Every structure is written in structure tokens, then in C-alpha cells.
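Overview (structure and organization)
In case you want the letters, here they are:
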Amino acid sequence: MSTNRQAASASIWRAPVLFAILAALFVLEGTVRNGMFSGSWNTSLAMLNMGLISAITALGVNMQWGYAGLFNVGVVGFLALGGLAPVLISTQPVEGAWQAGGTRVLIALAVAIGTLALAAQARKRLPRWRSLAVTLVLIGGFVLYRWLFDPAVTAIEANNPARHGNIGGLGLPVLLSWAVGGVFAAAAAWAVGKVALGLRSDYLAIATLGIGEIIVAVLKNEDWLARGVKNVTSIPRPVPFEIQLQRNPEFVEFAQSWGFTAAAGSGVWVKLCYMLLFLVVLLSIILLAELALKSPWGRMMRAIRDNETAAEAMGKDVKARHLQVFILGSAVIGIAGAMMITLDGLMAPVGYNPLRYTFLIWVMVIVGGSGNNWGAVLGAVLIWFLWIKAEIWGPQLIGVLTSPMPDGDLKAHLLGSAAHMRFIAMGLVLLAVLRFAPRGLVPEK
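Please read these numbers as outputs of a predicted model, since none were measured by experiment. (Residues numbered from 1 in each chain as written. Predicted model: local features only at pLDDT ≥ 70, side-chain atom pairs only at ≥ 80, totals over all residues. Heavy atoms only, no water.)

Notes on the overall build of the protein
- Scanning the protein from N- to C-terminus turns up 18 helices and 2 strands.
- C-alpha atoms of the protein, sized along the principal axes, occupy 75 × 65 × 55 Å.
- Relative to all contacts within the protein whose residues are 6 or more apart in sequence, the contacts with residues 24 or more apart total 79%.
- When the accessible area of the protein is evaluated, it comes to approximately 22500 Å², of which 68% is carbon and sulfur surface.
- Each charge class in the protein can be summarised by its mean position, and for the 33 positive and 21 negative side chains these summaries are 9 Å apart. (Helix = DSSP H or I, 4+ residues; strand = E, 2+ residues; numbered from the N terminus. Contact = heavy atoms within 4.5 Å. Areas by Shrake-Rupley, 256 points an atom, 1.4 Å probe, with all protein chains shown as cover. Lys, Arg positive; Asp, Glu negative; His and termini not counted. Charge placed at Lys NZ, Arg CZ, Asp CG, Glu CD.)

Observations regarding a nonpolar patch on the surface
- A contiguous nonpolar surface patch, about 510 Å² in accessible area, is contributed by Trp 98, Leu 106, Leu 109, Leu 170, Leu 172 and Leu 176.
- The element best represented in the nonpolar patch is helix H4 (residues 97-125), accounting for 3 residues.
- Relative to the assigned elements, Leu 172 resides in the loop between helix H5 (130-157) and helix H6 (174-196). (Patch = residues over 30% accessible without salt bridge, like charges linked within 9 Å, V, L, I, M, F, W, Y side chains within 5 Å. Salt bridge = Lys/Arg side-chain N within 4 Å of Asp/Glu carboxyl O.)

Here's the deal with the domain arrangement of the protein
- In terms of domains, the protein is made up of domain 1 (14-93 + 168-436) and domain 2 (94-167).
- On a C-alpha basis, the centres of domain 1 and domain 2 stand 33 Å from each other.
- Contact with domain 1, which involves 11 residues of that partner, is made by 14 residues of domain 2.
- Interface of domain 1 and domain 2: buried area, both sides summed, is about 980 Å²; carbon and sulfur atoms make up 55% of it.
- When the buried area of domain 1 at its contact with domain 2 is split by residue, Gly 168, Trp 224 and Arg 227 rank highest and sum to 64% of it.
- For the interface between domain 1 and domain 2, the tally reads 0 salt bridges.
- The element contributing the most residues to the side of domain 1 that touches domain 2 is helix H8 (residues 223-226), with 3 residues.
- Taken together, the residues of the side of domain 1 that touches domain 2 sort by class into 4 nonpolar, 3 polar and 4 charged. (Domains from an automatic or database assignment. Buried area = accessible area lost by both parts, 1.4 Å probe. Nonpolar A, V, L, I, M, F, W, Y, C, P; charged D, E, K, R; others polar.)

Some details on a positive patch on the surface
- On the surface, Lys 124, Arg 125, Lys 194 and Lys 319 cluster together into a patch of positive charge.
- Along the chain, the position of Lys 194 falls in helix H6.
- By relative accessible area, which is 47% here, Lys 194 ends up partly exposed. (Buried < 20%, exposed > 50% of the residue type's maximum accessible area, 1.4 Å probe, protein only.)

So, the side chain of Arg 356
- Residue position: Arg 356 is located in helix H15 (residues 354-368).
- Of the side chains with opposite charge, Asp 344 comes closest to the buried, unpaired Arg 356, at an N-O distance of 8.3 Å.
- Each residue touching Arg 356, except ones within four places of it in the same chain, is listed here: Met 50, Ser 54, Ile 361, Trp 384 and Trp 387.

Some thoughts on helix H16 (residues 373-402)
- Look at H16: 41 Å from first C-alpha to last across 30 residues, which is about the 44 Å you get at 1.5 Å a residue.
- In the structure, H16 departs most strongly from a straight axis at Ala 390, where the bend amounts to approximately 45°.
- Between the side-chain oxygen of the N-cap and the backbone nitrogen of Trp 374 there are 3.0 Å, and the N-cap of H16 in question is Asn 372. (Expected span 1.5 Å × (residues − 1). Bend = angle between axes of the 7 residues up to and from the residue. Polar contact = N/O pair within 3.5 Å; in protein donor to acceptor, adjacent residues only side chain to side chain.)

Observations concerning the pattern of salt bridges
- Per the stated rule, a full pass over the model turns up 9 salt bridges.
- Close ionic contact of Arg 237 with Glu 242 constitutes a salt bridge, the shortest N to O distance being 3.3 Å.
- Between Lys 294 and Glu 290 there is a salt bridge; the shortest N-O distance is 2.6 Å.
- Lys 294 sits in the exposed class, given a relative accessible area of 57%.

Structural notes on the environment of Ala 152
- Within the fold, Ala 152 resides in helix H5.
- Given a relative accessible area of 1%, Ala 152 falls into the buried group.
- Other than its neighbours up to four places away in sequence, Ala 152 contacts Gly 101, Arg 104 and Val 105.

Structural notes on the side chain of Asn 372
- For Asn 372, the position within the fold is in the loop between H15 and H16.
- Exposure remark for Asn 372: the relative accessible area of 10% places this residue in the buried category.
- Here Gly 375 takes part through its backbone nitrogen, which lies 3.0 Å from a polar atom of the side chain of Asn 372.

What follows is the structure in C-alpha cells.
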């Protein structure tokens, strides 16, 4: 009995101790200047802000995998859809774009949705002529869609292509676009889930991987939407610009009172503002996720995850519950995608790399502890910190290891390959956690 109490006590203190160690790493990054740490609060807060966004993304994946056992390998696609929201919602309208073809694009999209709905109805109501009816509806709808869509897109992309060439935004507050990013990702998840959630886990992984790449490819090639590979800059931000603060005498005096120059102080202030916003979103999602997890719905989801057959025998609609949690998790990922574009101030579809935005997110969830929301947050911030520092620590480690070696091709090759140490480091961290803490640093209770 005493052993069980000791184990329970140790598990209670595990998460606070690990979070305290993680906080100490960021403090060291901001205060200590040596070969390991930068001694810059700007760097420390920049890493923390991206870690918080990664934590929100990891929470979305944790809802899908930790709650329901859904293996989503298309995380990058839902992040990209969320990132599209600030472009379409918060950037300023492009002069002449809607007159050139905006209305026609909306009509074309409505025709596409109507075609799919009509095909579904034909499939249900015409059992004898099902194949013929569905084929005719789809072909007719596709022809009408392309007739409306292609000229409209050509006209939009021809509208001031050097500077714009896209449909533009609505000029609404950027914080609103974060919620819209979640809606975009949730809508895509509903469409994907209706088709793919009936598949076995390995086939679901393959399907979501392909769908994620399709979404990124669409963003790269559809210039009318977000300028494709030409990128969209000057995304509105919910915090002041550094140059505005530097021109404010009161702020300059305030920064100097804390020992910062105007340039360094303005950077720290802006990053602190972002940090507070991200913390509000993160803690709100954790609160809702914890309430859901401890509710009858959460217990039902875990029962379905552990034994689908038994849950189905008890009358639970497994596919509907899977669709529900897949949509919720994707919506959270979409919110994170919108927040990331707002932080960067840039929409660059070529930057959506599956290694960074799918594989690394999964490492965060596994290392932190799948099924535990706080574990997902801990794993996300920790792995992001190590991912950034490995780029600096890796070459230093290779330099120390190769210092006894004579000069030659092998030593030059090892030193030249030091930039890849971050990939090796992530693999080693994952292997170590799977070996010594297979349920993660903060396992599910």
C-alpha cells in the first residue's frame, strides 16, 4: 500500500517538476550568454511563442489520437487551411478583384457543392439507375463548374498580378480569423471524415497523408486564393508594430528603465503581447478539453478507443463519434495554423513541410504522453525548444567529438553534416522516451 501511495505521489509531482525544468530552460536562454544559450529575451520569447502554437497543434492531434485512436498524418494540411483564414478574412480587399470574378467564383463553388449533394441524393433515391444518374450529375456539374470557375480565376489573377493577383480579404479583425481558421479546418475534416473514417487505421493514415499534401498543393498552385508561391505579406497583427513603440518616447523611457534599448525592448514587448494572447487561447482549449475528457462523452470516447467492438455492441455509433472528434481536433489544429500565420506575418505555402508540421507534432504528442492534454503541451514546448537548440548544439557537439581526429575527408564530412544533427537528436529523444517512458513524460491517468 505504501509503495502505491509513493507511486501516486510521484506521478502527481511529475508534471509540475517537468514544467518547472522547462521554464528554467527558457529563463536560461534569456539570461545566460555562453556557447549553449543566447542570453537574449527576444530569442527566448520567440521560441516560447512558437512552442505555444505547437502546443495547441499537439492538443488537436492528441484529441484525435489520445481520445479516439485516429491516426491523422495530414496535420500539415489542416494547419495550412487554418493559415488561409487570416489571408481571406483579415487582409485588406484587393481593388478590382471581386469585380473581376469574385462573384462568379462563389457561384462556381456553390455549383460544386450542389453537384455533390445532388449526386448523393441520386444515389439514394434512384437505386435502379444509381450508377448512370450519379455519373450524369457529376459530369454535368463538373462542366458547369469549370465553365464558371476558369474565366473568373483567370480574371482575378490578371488583376495587378505583380502586387496582388488574388481575391484579397475582408479587412476584418485578425483575432476573428483565428476562429475562422478552425472553421475552415473543421469543414475539411468533415469532408475527409465522411470518406475516410470507415478505413482501418493504417489506410486512414495513408488517406490523411495524401489529403494533407493535396491541400498544400492547392495552396501552392491556386494563385487567386493566396498568391500561391508568390506569398502574401503584411498579414495584420493584433499587437503593435515594433517601429511604433520605438517612436513612442514614453515606451523608450520605459524600456531603458528595464535596461533594454528601444529596439530590444520593443521586440520583447511585442513577443510578450503575443505570449499572453497565445496563453489565453491555449488555456481555454485545455479547459474545454479537460471538461470534455472527464465528462460521459470523454469516457465514451476512451471506451471506443480501447475496444471498438465492445462499444459498438453497447449501441454506440462508433463512426459518428470518430467523425465528431476528428472534426474537433482538426478545428484546434486550424486555429493554431491561423495563429502561426499571424505571428509570422507571412503566408508562404512552400513552407508547409510535412517533416516539421506533421512528424514533429507527432513526436511532441508521443514524448509528452498521448491521451494527456498537459502532457501534449509539455512535449510540444520541450521538443520545439530542443528542435531549435539542436541546430546550435549539434555542430558544437560534432566539433568536440571530431577534435581528436586528424584533418581529412571524414572529419570534413562530419563537420559539414552537423546541420542534420537536429533530425538525429529528435530520433534519439523519441527512442529514449519510448524505451524508458513508453507512455510519455506525463502519461494518461
